[in-house]
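Structural overview
What follows is each chain in one-letter form.
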Amino acid sequence: MSATILVSNDDGITAPGIAALESALIGLGEVFVIAPDRERSASSHSLTIDVPLRAVPVRERAFAVKGTPTDCVLLAVENLLPTRPDLVVSGINRGPNMGNDVTYSGTVAAAIEGTILGIPSMAVSLDHNKAGTYDYTAAGTASRALAAAVLERGLPEGTLLNVNVPNVPAEQVKAPRPTRLGSQVYEDSIVEKTDPRGKSYYWIGGQSSRRSCDSGTDFAVVAEGHVSVTPIQLDMTDFETLAHMADWPFDAIHDSRKGGGAAVEKSREESA
């Protein structure tokens, strides 16, 4: 039986990246496109709960939703699709989603929502280049190959794939490599300006200043010309710290609300 594949993004349903992704996945199964009606970049894993959602058909098996990427996936799975999808693929994002940026990304959030709903999911992004142009050919090829692998092999429960593709000619893109998240810090992320009435307003933007390009990170692997594939878990529990906290005097901490901290100090003295 043919697979059902849900495609979404955060750049909006008219973005060239989602058109490239849809075209790349045709043949792997029946492809449905449910995406925001406009750009919703950096919307993270947000749901719209204060206004009604509207889904407008734009063509066969495609809807534009006035909502976030998370809204789109939830609405598609629960209402719009004729059957539960076998795979959710989000992208192809115009620009990378590596390191800390996965926490902001609407592209990754769509894949997170699919994972929460128990559906194997992946997010795909295309890196920047110096020319400021975007050729989605290589990213489409990588998306199809990895989607086929996920359909065949599945993914562990609670895990999604975050894929980043170098923005170079397709023949120069190297084979996928498993990676871990790197990190980056933005400088001048807030730009303050003054409007014609003399009031201040702000743009959030900024330029990347410091990146972790250690071996094995998504940044390093993409810089080397490989496709980066990072498995991301929904369970963000720090189990090492959880084990360390087993020695914390939680009962004393609770009692200190009445004793002004004396109980905690007593516990410290007893353990010294």
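This text follows the structure it describes.
Residues numbered from 1 in each chain as written. Predicted model: local features only at pLDDT ≥ 70, side-chain atom pairs only at ≥ 80, totals over all residues. Heavy atoms only, no water.

**Re the overall build of the protein chain**
To keep things clear, this is the line we draw: Numbering of helices and strands starts at the N terminus; helices are DSSP runs of H or I of at least 4 residues and strands are runs of E of at least 2. Note on contacts: a residue pair is in contact if any heavy atoms of the two residues lie within 4.5 Å. Neither His nor the chain ends is counted toward charge; the positive residues are Lys and Arg and the negative residues Asp and Glu. Where a charge sits is defined by one atom per residue type, namely NZ (Lys), CZ (Arg), CG (Asp) or CD (Glu).
Looking only at helices and strands, one finds eight helices and 13 strands in the protein chain. Expressed as lengths along the three principal axes of its C-alpha atoms, the size of the protein chain is roughly 70 × 55 × 45 Å. Looking at the protein chain alone, contacts between residues at least 24 apart form 74% of all its contacts between residues at least 6 apart. With 23 positive and 34 negative side-chain charges, the protein chain shows a separation of 5 Å between the mean positions of the two kinds.

**Overview of the pairing of strand E6 (residues 121–126)**
How we decide: We call a residue buried when its accessible area falls under 20% of the maximum for its residue type, exposed when it is over 50%, and partly exposed in between, using a 1.4 Å probe and counting protein chains only. Each pair of strands is called paired provided DSSP finds at least two bridges between the two strands. Crossovers are described as right-handed under a simple rule: with the strands pointing away from the observer, the path leading from the first strand over the helix to the second runs clockwise.
Counting buried residues along E6, six of its six residues qualify, which places the element largely inside the surrounding structure. In E6, alternate side chains face the same way, and those of Ser121, Ala123 and Ser125 on one face and Met122, Val124 and Leu126 on the other are all buried. For strand E5 (residues 87–94) and E6, the ladder comprises five bridges, and the chain directions are parallel. Each residue of the ladder has a partner; that of Val89, found in E6, is Met122. Viewed along the sheet, the connection from E5 through helix H3 (residues 106–116) into E6 turns out right-handed. Of the pairings in the sheet, the one linking E6 to strand E7 (residues 159–165) comprises five bridges and is parallel in character. Bridging across to E7, Ser125 finds its partner in Asn164. For the segment spanning E6, helix H4 (residues 137–153) and E7, crossover handedness is left-handed.

**A closer look at the sheet that holds E7**
Keep this limit in mind: With axes taken as lines fitted to C-alpha atoms, and helix axes fitted only over the stretch in contact, angles between N-to-C directions fall between 0 and 180 degrees.
In spatial order, the strands read E3-E4-E2-E1-E5-E6-E7-E13-E8; together these nine strands make up an open sheet with mixed pairing. On the outer flanks of this sheet lie strand E3 (55–59) and strand E8 (174–178), each paired with one strand and no other. Taken pair by pair, the neighbouring strands of this sheet meet at an average axis angle of 25 degrees, ignoring direction. Along the sheet face, helix H1 (residues 16–25) touches strand E1 (3–8), strand E2 (29–36), E3 and E5 and points at about 140 degrees away from the line of E5. Along the sheet, H3 makes contact with E1, E5, E6 and E7, crossing E6 at roughly 170 degrees.

**Topic: unusual backbone geometry**
The peptide bond linking Gly91 to Ile92 adopts the cis configuration, its omega dihedral lying at -10 degrees. Considering the arrangement of structural elements, one finds Ile92 in strand E5. The phi torsion at Ser44 lies on the positive side, around 55 degrees, for a residue other than glycine. Notably, Arg61 is not glycine yet its phi reads approximately 60 degrees, a positive angle.

**Things to note about the environment of Ala55**
Along the polypeptide, Ala55 turns up in strand E3. As a C-alpha pair, Ala55 and Ala223 span 168 residues in sequence and 39 Å in three-dimensional space. Those residues in contact with Ala55, other than ones at most four positions away along the chain, are Phe63, Ala64, Val65, Leu75 and Leu80.

**Observations concerning the side chain of Thr48**
Condition: Any pair of nitrogen or oxygen atoms within 3.5 Å is treated as a polar contact; in protein, a donor-acceptor pairing is required on top of that, and neighbouring residues in sequence qualify only through side-chain atoms on both sides.
You can see Thr48 is positioned in the loop between E2 and E3. A polar contact of 2.6 Å, which involves the side chain of Thr48, links it to the side chain of Asp71. Every residue in contact with Thr48, bar those within four places of it in the chain, is listed here: Leu53, Gly67, Thr68 and Asp71.

**Examining the nonpolar core**
Generally speaking, soluble globular proteins have nonpolar side chains that are buried together. Filter applied, for reference: We call a set of buried Ala, Val, Leu, Ile, Met, Phe, Trp, Tyr and Cys residues a nonpolar core when their side-chain atoms join them within 4.5 Å.
The biggest cluster of nonpolar side chains holds 30 residues, and the ones touching the most others in it are Val7, Leu25, Val89, Met122, Val163 and Val165. For this core, the element with the highest residue contribution is H4, accounting for six residues. Contact partners of Val165, with chain neighbours within four places excluded, come to Val124, Ser125, Leu126, Asp127, Ala138, Ala139, Ala142 and Val227. Leu75, Ala76, Leu81 and Leu117 belong to the second largest nonpolar core, which has 14 residues in total.

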